Amino acid sequence: KQWYQRRVRGQFFEQFGDILKLRISRSKKTANSKGYAFILYENEEVAKIVANTMNDYILCGRLLKCLYIPMSRVHKDTFKGASRPFKKIDWQGRARVERNRVKTSEEQQKSVMRLLKIEIDRRRK
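Residues numbered from 1 in each chain as written. Predicted model: local features only at pLDDT ≥ 70, side-chain atom pairs only at ≥ 80, totals over all residues. Heavy atoms only, no water.

### Here's the deal with the pattern of salt bridges
Then, in step 1: What the rule picks out here adds up to seven salt bridges.
Then, in step 2: One salt bridge connects R123 with E119, and the closest N-O pair in it is separated by 3.1 Å. Of the two residues, R123 and E119 are both situated in helix 4 (residues 105-124); the distance of four residues between them amounts to about one turn of the helix.
Then, in step 3: Between D121 and R124 there is a salt bridge, and its shortest N-O distance comes to 3.7 Å. Of this pair, D121 and R124 both sit in helix 4, three residues apart, roughly one helical turn.
Then, in step 4: A residue is classified by how much of its surface remains accessible, and D121, at 33% relative accessible area, is partly exposed.
Then, in step 5: The exposed category is assigned to R124, whose relative accessible area is 67%. (Salt bridge = Lys/Arg side-chain N within 4 Å of Asp/Glu carboxyl O. Helix = DSSP H or I, 4+ residues; strand = E, 2+ residues; numbered from the N terminus. Buried < 20%, exposed > 50% of the residue type's maximum accessible area, 1.4 Å probe, protein only.)

### Considering the environment of C60
Then, in step 1: Within the secondary structure, C60 sits in the loop between strand 3 (58-59) and strand 4 (62-63).
Then, in step 2: C60 sits 33 residues away from G93 along the chain, and the two C-alpha atoms are 31 Å apart.

Spelled out as structure tokens, the structure:
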């Protein structure tokens, strides 16, 4: 997934000018790109040129829609975490650890009571 970020930065957008920050939005579940990103350029005029030039450009089979947004309209948390690499969370691993952990006697008793109640309800039918 990091190659995509390096490719976008180096090959396509850095040719216009120095990029201060790049934030590609990703899904927490799959770590795939959500399909949009934010780029902060050092110069405001360069950002306007990039928005005009790269708008409706096809990149990796997707149509780019580039817009210039002045810094006064940019939310302060837009580039939060842009400098650190994205780490995919192993949700299945976490669930496996939780499911396979040793249960306390209290949790075991609660589980047994729940199963007994289900079995009693089945026998009544």
